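The chain contents come next:
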Amino acid sequence: MSREKRKLDHIKYALEISDRNTELGFEDVKFLHNCLSPVNPETVSIYTEVAGIKLATPIFIDAITGGTDNVTTVNRKLAKVAAATGLAMAVGSQYGTVKNKLSTKSYTVVRDVNPDGILFANVNALATPQHANEAVEMINAAALEIHLNVAQELLMNEGDKDFKAIVKNLKVLQDAITVPIIIKETGCGMAREQVEELMSLGFNCFNVAGVGGTSFPAIEGKRSKCKRHEKFADWGIPTEWSLIDINHLKKDGANIIASGGIRDGMQTAKALALGANAISMAGNVLKDVQKDVNKAIANINDQIDDLKDIMVLTGCKKVSDLKKVPLVFTGDTVNFIMSRGYDVAKISNKRK
Ligand SMILES: Cc1cc2nc3c(=O)[nH]c(=O)nc-3n(C[C@H](O)[C@H](O)[C@H](O)COP(=O)(O)O)c2cc1C
């Protein structure tokens, strides 16, 4: 199977397969309405910071594609949405392109369309420092995303299964890369223990990318036409559970991005309330731009407006205020909180 065909397959199946949103978890979190909100709509600020980078909006378009000239049009459309909405944007993995010295057109188009935009480069955890630096330079990226995708590689026939090498190589990258690094999952979530291990290596920005939206096990199951692989379609930690888990890190100072099935302003607000500095989205934006770029722009603008309204209704003037509003937990999330040994009332009232 050629890399080019694989990239096209990922888009094909990501468009065909629905989100796993039964697993998302945000339906188990409720805000309490603030009937004395002191916040006037025009004073709400949604400015945030991720990995030391200032973002006008706490939402960005996450890594989707690149690596064959055939997907240049997709990246051009995504970049148009990012430029029109002012969102930062990550490109898909550049690893194969820098390693095999292939055409960079499908990535550089993003910078051409959005010359002043905030862009994130993307490589896998086995990239060398030289690969990673080339990926950053290719698009003049503000940060580097390093993706973790054990489930995908495991279930992909041609996957790289040298999992033992990951942590060792991450340390090499941590020491060698000068732009901020975001360690991201790709739809299976992150647990507290692994984030603590990554923090001990010196990383401090994490994108949980939990189960709930795009599922690479489902995509790889379809690609390989293997029924056994499809059983793993819902494998992973729901996005909301990952956020709760990471609220209990032993050390402070982690920068959290929430993703994995976040599709609207309410889920965005809940993720920010659960401790995220920003949220990112991929599968839904891909689906939207393939139908209509203007509709994709309108959907994001609606999401931003809904987030601002929720901030008014909960008495929050700035994004970080959401971490202090009371939350009520129900359903399976309460079981999750208890089985991890956490205190429901404590998280309900104050999060990191
Ligand atoms: C077609 C497609 C390709 C993707 N390729 C990459 C990739 O190359 N690198 C990466 O870090 N994540 C990749 N992702 C994962 C997303 O960045 C994101 O982490 C994941 O889809 C969960 O977010 P979502 O539920 O909003 O889609 C891809 C997602 C899609 C839909």
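S.K.: Account for the overall build of the chain, with residues named and values stated.
M.R.: The number of helices and strands found in the chain is 16 helices and 12 strands. By residue count, 50% of the 352 residues in the chain fall in the buried class. Long-range contacts, defined as pairs at least 24 residues apart, comprise 76% of the intrachain contacts of the chain with a sequence gap of at least 6.

S.K.: Go over the environment of Asn 122 with me, naming the residues and quoting the values.
M.R.: Relative to the elements of secondary structure, Asn 122 occurs in strand S6 (residues 119-124). Under the C-beta neighbour-count criterion, Asn 122 is labelled buried, with 29 such atoms within 10 Å. Along the chain, Asn 122 and Glu 145 lie 23 residues apart, while their C-alpha atoms are 4.6 Å from each other. Aside from chain neighbours lying at most four places away, what touches Asn 122 is Ala 63, Ala 90, Val 91, Gly 92, Ser 93, Gln 94, Ala 135, Glu 145 and His 147.

S.K.: Break down the site of the ligand for me, with residues and values.
M.R.: Around the ligand, 26 residues are found, and the nearest of them are Ser 93, His 147, Gly 213, Thr 214 and Gly 283. Looking at the shell around the ligand, the elements that each hand over two or more residues are helix H1 (3-16), strand S7 (143-147) and helix H13 (283-291). Partitioned by chemical class, the residues of the shell around the ligand number 8 nonpolar, 15 polar and 3 charged.

S.K.: Can you tell me about the packing of helix H11 (residues 239-246) against helix H15 (residues 331-339), naming the residues and giving the values?
M.R.: Where H11 meets H15, the closest approach of the two axes is 11 Å, and the angle between their N-to-C directions is 30°. Here H11 runs over H15; the crossing is right-handed. In this structure, H11 contributes Glu 240, Trp 241 and Ile 244 to the contact, and H15 contributes Thr 333, Phe 336 and Ile 337. The residue inventory of the contact of H11 with H15, partitioned by class, reads 4 nonpolar, 1 polar and 1 charged.

S.K.: Explain the pairing of strand S11 (residues 278-281) to me, and be specific about the residues and the numbers.
M.R.: Here S11 shows a buried face lined by Ala 278 and Ser 280 and a second buried face lined by Ile 279 and Met 281. Pairing between strand S4 (residues 59-61) and S11: 3 bridges, direction parallel. Bridging from a neighbouring strand, Ile 61 pairs with Met 281 of S11. As paired strands, strand S10 (residues 255-258) and S11 are joined by 2 bridges and run parallel to one another. Bridge pairing links Ala 258 to Ile 279 in S11.

S.K.: Hey, could you go over the nonpolar core for me, with residue numbers and the actual values?
M.R.: In terms of nonpolar packing, the biggest core is built from 105 residues, with Ile 61, Leu 78, Met 89, Phe 120, Ala 121, Leu 144 and Ala 276 touching the most fellow members. The dominant element in this core, judged by the number of residues it contributes, is helix H14 (residues 293-313), at 6 residues. Here Met 89 is in contact with Phe 60, Ile 61, Leu 78, Ala 79, Ala 82, Val 110, Gly 117 and Leu 119, once residues within four sequence places are set aside.

About the cut-offs
Residues numbered from 1 in each chain as written. Predicted model: local features only at pLDDT ≥ 70, side-chain atom pairs only at ≥ 80, totals over all residues. Helix = DSSP H or I, 4+ residues; strand = E, 2+ residues; numbered from the N terminus. Buried ≥ 20, exposed ≤ 12 C-beta atoms within 10 Å, placed from the backbone. Contact = placed C-beta atoms within 7 Å. Near = placed C-beta within 6 Å. Nonpolar A, V, L, I, M, F, W, Y, C, P; charged D, E, K, R; others polar. Axes fitted to C-alpha atoms, helices over the stretch in contact; angles between N-to-C directions. Left-handed = near helix turned anticlockwise from the far one by under 90°. Pairing = 2+ DSSP bridges. Core = buried A, V, L, I, M, F, W, Y, C linked by C-beta atoms within 7 Å.

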